[in-house]
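# Understanding the architecture of this molecule
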Amino acid sequence: MNLDRILAVRNNKTIYRDGDKVMKVFDPCYPKADVLNEALNQARMEEAGLNIPKVLEVTVIDGKWTIVLEHIKGTALDTLMRTQPEKKEEYMNLFVDLQLTMHSKICLGLNKLKDRLNRRIAETDLPATVRYDLHMKLDEMPKDNKVCHGDFNPSNIIIAEDGTPYILDWSHVAQGNTCADAARTFLLFGLNGEEADARSYLDKFSERSGIPKEEVVRWIPIVAASQTIKCVERERAYFLSWIDKTSIE
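Below is a summary of the structure that appears in this document.

Conventions adopted
- Residues numbered from 1 in each chain as written.
- Predicted model: local features only at pLDDT ≥ 70, side-chain atom pairs only at ≥ 80, totals over all residues.
- Heavy atoms only, no water.
- Pairing = 2+ DSSP bridges.
- Helix = DSSP H or I, 4+ residues; strand = E, 2+ residues; numbered from the N terminus.
- Axes fitted to C-alpha atoms, helices over the stretch in contact; angles between N-to-C directions.
- Salt bridge = Lys/Arg side-chain N within 4 Å of Asp/Glu carboxyl O.
- Buried < 20%, exposed > 50% of the residue type's maximum accessible area, 1.4 Å probe, protein only.

## Some words on the sheet that holds strand β8 (residues 157-160)
The pairing of strands in a sheet happens through backbone hydrogen bonds and is either parallel or antiparallel. With antiparallel pairing, the three strands of this open sheet are ordered in space as β6-β8-β9. Across the chains shown, the open sheet's two edge strands, defined by having one partner strand only, are β6 (74-76) and β9 (165-167). Put simply, the sheet's adjacent strands are angled 30° from each other on average, direction ignored.

## Focus on the pairing of strand β1 (residues 5-10)
For β1 and strand β2 (residues 13-18), the ladder comprises five bridges, and the chain directions are antiparallel. Residue pairing across strands places Val-9 opposite Thr-14, the latter belonging to β2. Between the end of β1 and the start of β2, which pair antiparallel, lie two residues, with Asn-12 showing a positive phi angle near 70°.

## Digging into the pattern of salt bridges
Any two side chains of opposite charge can pair, so long as their charged atoms come close to each other. For the structure shown, the criterion picks out nine salt bridges. Where Lys-24 meets Asp-169, a salt bridge forms, and the shortest distance between an N and an O atom there is 3.9 Å. Of this pair, Lys-24 sits in strand β3 (residues 21-26) while Asp-169 sits in the loop between β9 and β10 (174-176), placing them 145 residues apart in sequence. This pair shows no difference in class: Lys-24 is buried, exactly as Asp-169 is. A single network of salt bridges, built from pairs that share partners, joins Lys-24, Glu-38 and Asp-169.

And the structure:
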């Protein structure tokens, strides 16, 4: 086993390449239950028929829980968008279509997205009146049970050498309203300074899903508030700026 090649470093985890495998190694403080739940959810997504890296094993390496996945040889979609700007619209259409394919799936074993959002809003340090208003808005939102990725952005899409797209990183997956998932994706584009891409994404999501943009926009303050915990100050400031907005200028 060779863990010299680091692919990515995330909060409380490091991702390595080991031949034809990927090792997602969690810090010792990371809860065992969360590791096992992530592996279970990824296995559920395999069974749902989505193109994703298969879970090969859950093990312990040097006292650290590790999820072993198959390695997909290819290029991240965000890299393709950046290096081939003339094809960005084509790639954005592919990106949205992948998300809509995922949203067509139902997996009742997943945690409920509305419960997660309620819990995260309660954990923020926002004023009590703001938290109350957000809880009320969330309660009024329509329920659904579609698969929602929770971190759907171009860096989590790999285009394999044969052209097949694969969706990565299922640690935040839940069942819920697809507009909440779209709101999260919109915010992620903006967080990376890609405001034009955020608006292009929202236009295409609405056009290709048949869902009015206003339905996604209603979720943005709720999703933004839920992201203000456990993030760096720059990200927190960005998410806070969306909590009071009711439209996209």
